[in-house]
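# Reading the structure
For reference, the chains in residue letters:
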Amino acid sequence: MSRIGRQPVDIPQGVDVTVNADEHSITVKGPKGTLTHTYPESITVESKDNQIHVTRHSDDKSHRALHGLTRALIHDMVVGVTQGYEKHLEINGVGYRAAKEGKNLNLSLGYSHPVIIPDPEGIETEVKDQVNIIVRGIDKELVGQHAANIRFKRPPEPYKGKGIKYDYEHIRRKVGKTGK
């Protein structure tokens, strides 16, 4: 039995969970918004006693893998509609900075033009100061993907450490060439 999959997901106060077994979907409504997920047919999801229980039909390897995955995705949905998710990014480099213009993130990253990234639906970006960016939302996957898209515009390089990095990320520095 999957150690993650067999753990029930607790439903906090103020969260409404609707399981549609015919369409194999689950909808979670909370104070921050609504999320819907379609789970595989080999998995059974049921809600009772303020908990969500995830079970699988057989002991196949693929069913075992989907068991833990489905439970983790449902847990992420419950956490997302109650607390939300956020990623912190830092910009390092002389002249590199960020600014928020309406729903667009305007980045100056040493290119000949500014890089403008619009906020996707359900995702909000905030610029604390010119070098710190916070990406917020209720969908964990979308928050992580948008943060990765921002980081992709100028990934950190190992010689001077310039670029966009996550706040917890450590850039392993390399020694440059030495002249004789």
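Please refer to the structure placed before this passage.
The residue numbers shown here count from 1 along each chain, following its written sequence. The predicted origin of the model limits local features to residues at a pLDDT of at least 70 and limits the giving and counting of side-chain atom pairs to 80 or more, whereas totals for whole chains, interfaces and linings rest on all residues. Working from all heavy atoms in the structure, the side-chain values ignore hydrogens and water.

What follows deals with the overall build of the chain. Note on conventions: DSSP H or I runs of at least 4 residues are helices, E runs of at least 2 residues are strands, and numbering of each starts at the N terminus. When helices and strands are counted, the chain shows two helices and 13 strands. Here the globule rule is a power law, 2.2 Å times the number of residues to the power 0.38, and the radius of gyration is based on C-alpha atoms. Radius of gyration (C-alpha) of the chain: 21 Å, far over the 16 Å computed for a compact globule of 180 residues. Considered along the principal axes of its C-alpha atoms, the chain spans approximately 70 × 40 × 25 Å. Throughout, exposure labels follow a simple rule: accessible area from a 1.4 Å probe, protein chains only, divided by the maximum for the residue type, with under 20% read as buried, over 50% as exposed, and the rest as partly exposed. Expressed as a percentage of the 180 residues in the chain, the buried residues total 35%. Every residue pair with non-hydrogen atoms within 4.5 Å of one another is taken to be in contact. Here the analysis covers contacts within the chain between residues at least 6 apart in sequence; of these, 48% occur between residues at least 24 apart. Calculation of accessible area relied on Shrake-Rupley with a 1.4 Å probe; when residues are assessed, cover is drawn exclusively from the protein chains displayed. With an accessible surface of roughly 11,300 Å², the chain has 48% of that area assigned to carbon and sulfur atoms. Distance from the positive charge centre (27 side chains) to the negative charge centre (23 side chains) of the chain: 13 Å. Charged residues are defined here as Lys and Arg on the positive side and Asp and Glu on the negative side; His and the ends of the chain fall outside this count. To locate a charge, take NZ of a lysine, CZ of an arginine, CG of an aspartate or CD of a glutamate.

Strands sit in the order 2-3-4 across an open sheet of three strands; the sheet is antiparallel. Only two strands of the sheet have a single neighbouring strand rather than two, namely strand 2 (16–20) and strand 4 (33–38). Neighbour to neighbour, the strand axes of the sheet diverge by 10° on average, direction disregarded. Paired strands, in this sense, are two strands between which DSSP finds at least two bridges. For strand 3 (residues 25–30) and strand 4, the ladder comprises six bridges, and the chain directions are antiparallel. What sits directly across from I26, in strand 4, is H37. Convention adopted: a line fitted to C-alpha atoms gives each axis, helices being fitted over their contacting stretch, and angles between N-to-C directions are expressed from 0 to 180 degrees.

All right, on to the environment of K103 then. Take K103: it is sitting in the loop between strand 8 (97–101) and strand 9 (104–108). Residue K103 is classed as exposed on the basis of its relative accessible area of 64%. Between the alpha carbons of K103 and I117 there is a distance of 8.8 Å; along the sequence they are 14 residues apart. Apart from the residues lying within four places of it in its own chain, the contact partners of K103 are I117, P118 and D119.

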